[in-house]
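What follows is the residue order along each chain.
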Amino acid sequence: MTAPGGVSTDPRERLASTASDLFYREGIHSVGVDRILAEAGMSRATMYRHFGGKEDLVVAYLQREDALIRAQVASADADGGLLRAAVHGIADDVERRHTRGCPFINAAAEYPDEASAVRRLIATHRAWFRGALTQAAAAAGVADPERVAGALMMLRDAALVGGYLDGAASIRSAFLDAASAVSGVDLT
């Protein structure tokens, strides 16, 4: 449900949306629960009805990011143009949506414990994304799809960090050139 002005009337969704926006813009540990509650217009009791605590909000934030990326991959053309769609999707993401770096890398920096729910979700997302890139590379006829997928993951990580530090405009062509060189496929 959405109220006028595009604000969700569902308390869980409103809390998750508010937390996601704040976590991405300002960092997870720098945003307190009281700030999230104030901006969402929710009480602490409402938050605890939907989330066990702040870490559960962080998990919800990353689940939202994961779902968006999975939806983008699912909607890409699967007839061999998937690799091009994936690489251009990454370049577009750096330029338009994730202008403050990768939400998964940012969260991993704030949650060093690999056993935490946050880091487990990050590991699951990265394994899935690497698998999706491997499938895309295989569909494009790349000789060693797993190696290429690993290289593309590294390039994606670098592009997201570089886009944040140096500006997205300076990253796109370098990323596309590097992805083409690594894959042996013209992706520019």
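The rules behind each value
Per chain, residue numbering runs from 1 following the sequence as it is written. Under the rules for a predicted model, residues below a pLDDT of 70 receive no local features and side-chain atom pairs below 80 are neither given nor counted, while totals for whole chains, interfaces and linings still include all residues. With hydrogens and water excluded, all non-hydrogen atoms of the structure serve as input to the side-chain values. Lining residues are those with an atom within 4 Å of a point, where the points come from a 1 Å grid over the protein atoms alone and group into cavities, where a 1.4 Å probe fits but cannot get out, or pockets, open sets with protein on both sides within 12 Å along at least five of seven lines. Grid points are joined across faces, edges and corners, and a volume is the space filled by probe spheres set on the points. To qualify as a helix, a DSSP run of H or I must reach at least 4 residues; to qualify as a strand, a run of E must reach at least 2; elements of each kind are numbered from the N terminus. Charged residues are taken to be Asp, Glu, Lys and Arg, nonpolar residues to be Ala, Val, Leu, Ile, Met, Phe, Trp, Tyr, Cys and Pro, and polar residues to be all remaining types, Gly included. Any two rings among Phe, Tyr and Trp, with Trp reduced to its six-membered ring, count as a pair given centres within 6.5 Å; such a pair is stacked if its planes are under 30 degrees apart, edge-to-face if over 60, and tilted if neither. Only when the NZ atom of a Lys or the CZ atom of an Arg is both within 6 Å of the ring centre and within 35 degrees of the ring normal do we say a charge sits over the ring.

If you check an unreviewed UniProt entry, the chain appears there as TetR/AcrR family transcriptional regulator from Demequina capsici.

Draft legend 1. Main features of the layout of surface pockets. Computed from the structure, the largest pocket encloses a volume of approximately 290 Å³. Per-element accounting of the lining of the largest pocket gives the leading share, 6 residues, to helix α5 (residues 82-96). Looking at the lining of the largest pocket residue by residue, the class counts come to 12 nonpolar, 4 polar and 3 charged. Lining the second largest pocket are S20, D21, Y24, R25, Y61, R64, E65, L68, R97 and H98. Across the lining of the second largest pocket, the residue classes tally to 3 nonpolar, 2 polar and 5 charged.

Draft legend 2. Region of interest: the packing of aromatic side chains. Applying the stated criterion to the full structure yields 2 aromatic pairs. The interplanar angle of 45 degrees and the centroid separation of 5.8 Å between the aromatic rings of W128 and F129 together place this pair among those described as tilted. Lying over the aromatic face of F129, R156 brings its terminal NZ or CZ to 5.5 Å of the ring centre.

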